[in-house]
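What follows is the residue order along each chain.
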Amino acid sequence: MRMKYDGIIRKHLLNGIKVVEKITAQKSSQPVLSNILIETVSNDRVRFLATDLNLSISRRVNAKVEKEGKITLSAKRLGEITSKLDNKPVNLSLNPDTNIVTISCGNAKFELIGINANEFPKVFDEETAEDEEKSFEINKNTLIKGVKQVVFSAAVHESASILSGVCFNIDSNTLEIVATDGNRLTRASKEINSKDDSEIFIVPSRTLQELIRISAIIEDEKVTIRLKKAKIRFEFEDVIFQSKLINGTYPKYHQLIPTSNDKIVYIDREELIGVIERVCVMVNERTNIIKFSFNKNTLELSTDSPDAGSGKDFIDIDSNFDEIVIAFNYKYVLDSLKNMDTKKVKIEIATSLSATLFKPANEHMEGDESYVCLIMPVQVR
């Protein structure tokens, strides 16, 4: 049967492509995985679907469907063509005998050779009554904020490791999102509407980076998260995003976060970011180390690069101790500070070589326990 969309608004077509195109596999032995599956689902809806076999995504958009059908088309070519079209209705028509789709918009006309939809893998499991599924609902912006606050701490170069993922820990109606690469650890706590008492699972960091990207394109306020068969599914009104979970046991992170750091510092967050960004110009790019010299009312930041020179700067602080010198990878500190949204930051210190905590501080000069970043200092001579 010949498939034809008798008019789809260009921005809807482009939006559908943008949501799914990044999930295609560009270097696969299966050419169909670099394509987007396009199929009619009703007389006024079209679905776009893409997968690399680890991640899968579908996006439904409005369209006037004259005849039903389905085909897969090159994500790259389809995206490039659509982005260059005039802002007019776009018509797509499939010849099933040749797998050629004619795309017309105004005076422009293109013919794209597709791959038969039957070669596209089935990636979304059919629902059955026997399936054990756990689910909870959360505000999209709340989830994305929590993910952004921690995902940068996941291990980057260990794709097969537990530490390359982000731990989600549901306990009653609280969700803790945690990531660590062994040198730093971040934890964000959010309130959710959960039907289950407790659940722990590990999501690949790449999945969450894609979730951040997708969420910026769609406008839904809520997202439902479903867990089933070692997979996680993020469901919006017209978008379903699915990923494999990482199998394994996450480190007992609660035991890693110190509770007795007695040296307390309060600093203006924006000022500290500014000082770090000035001093890091002279940092040794191999080590990225900046020394933090804390005194009663002053923090001196300094760095020394044998090949380039040195730099230092000062900032006023409020502290409850006399002095201590700690060295940090400055990038770890900046990542933490830039994911807080308070005026002040609270730093909790024990010794120059033990885990240091960075927390947002509220107007009462108290640390906000809903977000904690642990950073291990660096030993310097």
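Anyway, here's the lowdown on the structure attached to this text. Please read these numbers as outputs of a predicted model, since none were measured by experiment.

In terms of nonpolar packing, the biggest core is built from 94 residues, with Leu143 and Phe294 touching the most fellow members. Sequence-distant contacts of phenylalanine 294, that is, excluding residues within four places in its chain, are made with Val265, Ile267, Leu299, Ile317, Phe321, Asp322, Glu323, Ile324, Ile326, Ile347 and Ile349. In this structure, Cys167, Ile202, Leu357 and Val372 belong to the second largest nonpolar core, which totals 13 residues.

With that out of the way, let us pick up the sheet that holds strand β22 (residues 309-316). The strand order β22-β21-β20-β24 describes an open sheet built from four strands, whose pairing is antiparallel. Sheet topology places β22 and β24 (324-329) at the edges, where each strand pairs with a single neighbour. Taking each pair of neighbouring strands and ignoring which way they run, the sheet shows an average axis angle of 20°. Where strand β20 (residues 289-294) and strand β21 (residues 298-305) come together, four bridges link them in antiparallel fashion. By the bridge assignment for β21, serine 293 is matched with glutamate 300. Strand contacts of helix α5 (residues 269-279): β20, β21 and β22, with the helix running at about 170° to β22, the strand carrying the most contacts. Docked against the sheet, helix α6 (residues 330-338) engages β20 and β24, running at close to 85° with respect to β24.

What follows concerns the packing of aromatic side chains. Taken as a whole and assessed by the stated rule, the structure comprises six aromatic pairs. Measuring from ring centre to ring centre gives 5.3 Å for phenylalanine 168 and phenylalanine 201, while their planes differ by 20°; the resulting arrangement is stacked. Of this pair, phenylalanine 168 sits in strand β11 (residues 165-171) while phenylalanine 201 sits in strand β15 (residues 198-204), placing them 33 residues apart in sequence. Neither phenylalanine 168 nor phenylalanine 201 differs from the other in exposure class; each is buried. What links up through ring pairs into an aromatic cluster is the set Phe292, Phe294, Phe321, Phe328 and Phe358.

Each value, and the rule that gives it
Counting from 1, residues in each chain are numbered in the order their sequence is written. Totals for whole chains, interfaces and linings use all residues, but because this is a predicted model, local features are given only for residues with pLDDT of at least 70 and pairs of side-chain atoms are given and counted only at 80 or more. Heavy atoms from the whole structure form the basis of all side-chain values; hydrogens and water molecules are not counted. Only buried residues count toward a nonpolar core. Its members are Ala, Val, Leu, Ile, Met, Phe, Trp, Tyr and Cys residues joined through side-chain atoms within 4.5 Å. Whether a residue is buried, partly exposed or exposed follows from its accessible area with a 1.4 Å probe, protein chains only, as a fraction of its type maximum: under 20%, in between, or over 50%, in that order. Throughout, a contact is declared for two residues whenever any of their heavy atoms are within 4.5 Å. The pairing criterion is simple: DSSP has to find at least two bridges between the two strands. Comment: elements are numbered from the N terminus, with helices defined as DSSP H or I runs of at least four residues and strands as E runs of at least two. A fitted line through C-alpha atoms serves as each axis, taken over the contacting stretch for helices, and the angle formed by two N-to-C directions is quoted from 0 to 180°. Aromatic rings from Phe, Tyr and Trp, with only the six-membered ring used for Trp, were paired whenever their centres fell within 6.5 Å, and each pair was classed as stacked if the ring planes differed by under 30 degrees, edge-to-face if by over 60, and tilted otherwise.

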